[in-house]
Amino acid sequence: MDDHTPLGSEIIDAIKAAGVRHVAALPDIVTSAGILRPLAQDPDIRLIRLCKEDEGVSICAALSYCGKRAVLLMQQTGLMDSLNAIRAVGMDYGLPICMVVGLLGKEPDRPAAESENYGVRIIEPVLDAMGIDRFGIETSSDVAGLAPAIDRAYAESRPVVALIGRRIER
């Protein structure tokens with residue numbers, strides 16, 4: 001696999017490879033065209049449309065109690081809005097909340113920590129302070145880490161965040 005911008009199909013394949021069959025999501029400019037729209041038409045995935053991101057935290061937690069795997073798809077503004085739910089459900093109760101987060105406004109030529117966008121720049125330090133595992137997806141080769149991260153989150157019963165730093169196309 002070369003290091004081109006990741007394709008939505010690669011990310012969807014990785015999600016499926018991890019046994020995920022439910023995706024709770026809100027539209028996000030970074031991921032909508034490449035991931036959300038194709039997921040809406042995928043017969044193997046049940047798409048759960050949300051009004052607020054913290055609803056997705058609860059839905060993903062409830063599905064884990066039923067032995068089902070889910071991913072929450074959103075952008076970093078929704079992640080920030082959901083931190084208390086993630087803290088309570090994911091960290092205090094120890095549930096595997098798996099999140100794929102689009103970094104709206106992140107420049108593709110620099111790491112998130114060096115972004116001009118304050119909302120992008122603070123995401124990693126906030127996740128680190130909370131003790132939430134995270135990794136970045138900037139190239140197609142980075143997608144290979146997604147399925148193992150989801151597997152690990154379910155095995156260890158803890159949250160994980162995949163940060164998407166580029167607009168994803170089909």
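Reference entry: report on the structure contained in this document. (Residues numbered from 1 in each chain as written. Predicted model: local features only at pLDDT ≥ 70, side-chain atom pairs only at ≥ 80, totals over all residues. Heavy atoms only, no water.)

**A look at helix 5 (residues 83–92)**
Among the residues of helix 5, those classed as buried are Leu83, Ala85, Ile86, Ala88, Val89 and Gly90. Residues of helix 5 that are buried make contact with helix 3 (53–65), helix 4 (76–81), strand 4 (98–102) and helix 7 (123–130). Two residues or fewer past helix 5, Gly94 is found with a positive phi of approximately 65°. (Buried < 20%, exposed > 50% of the residue type's maximum accessible area, 1.4 Å probe, protein only. Helix = DSSP H or I, 4+ residues; strand = E, 2+ residues; numbered from the N terminus. Contact = heavy atoms within 4.5 Å.)

**Details of the nonpolar core**
Core analysis: the biggest nonpolar cluster contains 58 residues, and Met99 and Leu146 have the highest contact counts within it. At 6 residues, helix 8 (residues 146–156) tops the list of elements feeding residues into this core. Setting aside its immediate chain neighbours within four residues, Leu146 contacts Ile11, Ala14, Ile15, Val100, Phe135, Ile137 and Ala162. (Core = buried A, V, L, I, M, F, W, Y, C linked by side-chain atoms within 4.5 Å.)

**Section: the packing of helix 1 (residues 8–17) against helix 2 (residues 32–40)**
Interaxial distance between helix 1 and helix 2 falls to 8 Å at its minimum, and their mutual angle equals 60°. Put simply, helix 1 runs oblique to helix 2. Our pair here, helix 1 against helix 2, has a crossing hand that is right-handed. Contact residues: Gly8, Ser9, Ile11 and Ile12 in helix 1; Gly34, Ile35, Pro38 and Leu39 in helix 2. Its residues placed into classes, the contact of helix 1 with helix 2 shows 5 nonpolar, 3 polar and no charged. (Axes fitted to C-alpha atoms, helices over the stretch in contact; angles between N-to-C directions. Parallel < 35°, antiparallel > 145°, perpendicular 65-115°, else oblique. Left-handed = near helix turned anticlockwise from the far one by under 90°. Nonpolar A, V, L, I, M, F, W, Y, C, P; charged D, E, K, R; others polar.)

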